[in-house]
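# Report on the structure
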Amino acid sequence: MEIVQKAPAKINLSLDALYQHRDGAHEWEMVMTSVDLADYVHISPSSRLSVSTDSGFLPEDPRNLAYQAALVLQRAAGVHQGAKIRLEKHIPVAAGLGGGSSDAAAVLRGLNQLWGLNWPLERLAKIGLAVDSDVPYCVYSRTALVTGKGEIVTPLDRRPDCWVVLAKPRVSVSTQSILRAIDYEQTVPHPDTPKVVAGIKQGDLPLMISGMANSLQPVTAAKHPEILALQQRLVRFGADHAQMSGSGPTVFGVCRKRSRAHRVYNSMKGFCREVYLVRPLQ
C-alpha cells in the first residue's frame, strides 16, 4: 500500500514580523494561501524510517523537514512502525514557497493515515510547530490568517480570486540567516493585515492588494538586489501587485485576469529561468 499526499506551495499575501520571543522564536502576523504548484509525498510501510528525494539539493537524513516530521509524530504517538517516504519535488528549494514545510505537513497527514492514528488536523498542526513555524499552516493548506509563532491558524472562508506569477531568481536563501538579520528597531514596510483579510472575505481584490506587504523583503533584498528587479519587472509587465514570498527570494505578481497573467508569465520567462503561472487553491 502506498499513500500519496499532495504538498502545495504557499505564498505570503502579507507577512509581518512583530517581535522576537525570549526563546528566539518570532511573533508573526501573516495571511497565507496555497497555490497549485506542488510536491508529491509517497509513503509506504517499512520497518524503519527513511526519506529519499529526486532533488540533489536536499538531505535524506534528519536535517530534512519531512524526516523531522516523521520522527516528531512517531514519538508523540508512541509508534514503533517505520515508513518509506519518497519526495517528488516540483517546488523550488529554499525559495520562500514553503516546500520543505509543506512536505513535512504532508508526511504528518500521510503517516496519520498509514499508522491508523486518526488524529484531527488540529492535533497534527500543533505538533508540526516543533518542525517549522510554517508547518501548522501547511497541514491545512488553505487560505488563512496565521499568528503567534505560527501555531494559530484561522482559515478564511474564501480564497483570493486571481492568478499568480511566481519568479525565482538564481539564488537560494537560508530562512534562518534572514531571521537572524532582522532588526526590529529598523523601519520596514508593514502590511495592513486587516485590509488583506477583509479583501479576501469580501472578494475585493483591490482591497486585498492595498494591504499587502512583506516586512522581510528589505532584509533579503539587501543581500539579493535582483529581488527588487524582478518585483519591478512583474509590475511593469502588468501585474496588479508584486512582492516577495516568505523569506525569499521568490517574488510573485498578482493578476486579476488570466489573460494578463499569461502575458506577464511569458514576458518574465525572458528574464528569469524559473517562472510559474499558478492559482490559489481555496
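First things first, this report covers the structure right here in the doc. (Residues numbered from 1 in each chain as written. Predicted model: local features only at pLDDT ≥ 70, side-chain atom pairs only at ≥ 80, totals over all residues. Heavy atoms only, no water.)

### Digging into the nonpolar core
Grouped together as the largest cluster of nonpolar side chains are 62 residues, with contacts concentrated most on Leu73, Ile85, Leu111 and Trp115. The biggest single contributor to this core is helix α2 (residues 99–114), with seven residues. If we ignore the near neighbours within four places in the chain, the residues touching tryptophan 115 are Leu49, Ala70, Leu73, Gln74, Val79, Gln81, Gly82 and Ala83. Core analysis: the second largest hydrophobic core is formed by 23 residues, Ile91, Ile200, Ile209 and Val278 among them. (Core = buried A, V, L, I, M, F, W, Y, C linked by side-chain atoms within 4.5 Å. Buried < 20%, exposed > 50% of the residue type's maximum accessible area, 1.4 Å probe, protein only. Helix = DSSP H or I, 4+ residues; strand = E, 2+ residues; numbered from the N terminus. Contact = heavy atoms within 4.5 Å.)

### As for the pairing of strand β10 (residues 251–255)
Strand residues, when the strand is regular, have side chains that alternate between the two faces of the sheet. Burial within β10 is extensive, with five of its five residues counted as buried. Residues of β10 alternate between two faces, with Val251, Gly253 and Cys255 on one and Phe252 and Val254 on the opposite face, all of them buried. Two elements, strand β7 (residues 163–168) and β10, share five bridges in a ladder whose sense is antiparallel. Its bridge partner lying in β10, leucine 166 is registered against phenylalanine 252. When strand β9 (residues 241–244) meets β10, the two strands line up antiparallel, connected through four bridges. For glutamine 243, the partnering residue across the bridge sits in β10 and is phenylalanine 252. The antiparallel pairing of β9 with β10 creates a hairpin that spans six residues between the two strands, and glycine 246 there sits at a positive phi of about 55°. (Pairing = 2+ DSSP bridges.)

### Concerning the side chain of histidine 224
Tracing the backbone through its elements, the reader meets histidine 224 in the loop between α8 (217–223) and α9 (226–236). Among the residues examined, histidine 224 registers a relative accessible area of 18% and is labelled buried. Those residues in contact with histidine 224 that lie beyond four places of it in its chain are Val171, Ser172 and Val173.

### Here's the deal with the packing of helix α1 (residues 65–77) against α2
Where α1 contacts α2, the axes come no closer than 8 Å and their chain directions differ by 35°. The handedness of the crossing between α1 and α2 is right-handed. Here Leu65, Ala66, Ala69, Ala70 and Leu73 of α1 lie close against α2, whose contacting residues are Gly100, Ser101, Asp103, Ala104, Val107, Leu108, Leu111 and Asn112. For the contact of α1 with α2, the class distribution of residues is nine nonpolar, three polar and one charged. (Axes fitted to C-alpha atoms, helices over the stretch in contact; angles between N-to-C directions. Left-handed = near helix turned anticlockwise from the far one by under 90°. Nonpolar A, V, L, I, M, F, W, Y, C, P; charged D, E, K, R; others polar.)

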